[in-house]
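Summary of the model geometry
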Amino acid sequence: MKTLFLPNARPPRTTFALMAAGQAGLLLLLWLFYPLQLFPSLGDVLRALVDLTTTQGLIPELWASMTTALQALGMATVLALLISYLTALPFFRPLAYAASKMRYLTLTGLTFFVALLVSSGHEVKLSVLTFATTVYLVTGMTAVMLSTTQQELDHARTLGLGEWRSFWEVVVLGKLADMLEVVRQNFAIIWTMITLVETLYQSEGGIGLLLYKQNRYLHLDGVVAIQLVILAAGAAQDYVFGLLRRVFFPYASLAAAR
């Protein structure tokens, strides 16, 4: 019990799980018995969740959004890796610098130009999400590459590796775990933006459009229910990425403080 109140302590996994479950249960009890005046009650949210699932197609809409999000993430990851790895060559470094600064652009003004370039609503949504995700991924992935120390590269050179082979072994293969962590951290960006693009292009539906309709008609219980579903889906995907990192790169956690 004392380890729960010590800085940098790592309690047993079972203890941590029980603590998290207890805190979550306490919040649910407070929500159930002491609801905020302007916030829908737990019962209203649960009833709205049942109605959304049974009559308004919550699950198919969630699946439509999730497939679009995964497509955008896959395309953005490939583009961001290509741009980031090209920064090893000085000629391409301005490209990565410019791409990272584009994360300050707002999507509202870009959707019109994207719509002129592609032919369908799905392609517009996919293009906008891919662009928005790529610029954030480039920022994180470039920072990972710049974290490579001179000692790491010199060690590869002393083993007789050339510049290209050193880059492959130290930066590409050696930083894959960190690149996956960057992807995991930035996947949430897609979920924060998907409501915008699904509202603008409504032909394919999506959970963002369903959320927009609930908000438009002031169905606050439905809004909270959908937000909780998105939160649960995001947490599950976050866990999957963390699991993949532990399975394929078990060495990545060896340097963490224990």
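Residues numbered from 1 in each chain as written. Predicted model: local features only at pLDDT ≥ 70, side-chain atom pairs only at ≥ 80, totals over all residues. Heavy atoms only, no water.

1. A short note on unusual backbone geometry
Selection rule: Each helix is a run of DSSP H or I of at least 4 residues and each strand a run of E of at least 2, with the numbering of both proceeding from the N terminus. Burial here depends on accessible area, computed with a 1.4 Å probe over protein chains only, as a share of the maximum for the residue type. Under 20% is buried, over 50% is exposed, and the range in between is partly exposed.
One non-glycine residue, Leu 218, lies in positive phi territory at about 60°. Mapped onto the fold, Leu 218 is located in the loop between helix 10 (207-216) and helix 11 (220-248). On the basis of relative accessibility, which here comes to 66%, the residue Leu 218 falls in the exposed class.

2. Comments concerning helix 4 (residues 93-101)
Since there are 3.6 residues in each turn of an α-helix, residues three or four apart along the chain are aligned in direction. For clarity, the cut-off: This arc describes the spread of directions from the helix axis toward the C-beta atoms. In this analysis, two residues are considered to be in contact whenever any of their non-hydrogen atoms come within 4.5 Å of each other.
Here helix 4 has its buried residues at Ala 96, Ala 99 and Ser 100. Here the buried residues of helix 4 occupy an arc of 95° about the axis, which is enough to place them on one side. Along helix 4, the residues that are exposed and aim more than 90 degrees away from the buried face are Pro 94 and Tyr 97. Tucked into the core, helix 4 has its buried residues touching helix 3 (58-86) and helix 6 (121-146).

3. Points about the confidence of the model for the chain
Heads up, the rule is: Every residue is assigned a pLDDT by the predictor, reflecting its confidence on a scale from 0 to 100.
Across the chain, pLDDT averages 86, with 94% of residues at or above 70. Looking over the chain, one finds the lowest element-wise mean pLDDT in helix 5 (residues 110-117), namely 76, and the highest in helix 3, namely 93.

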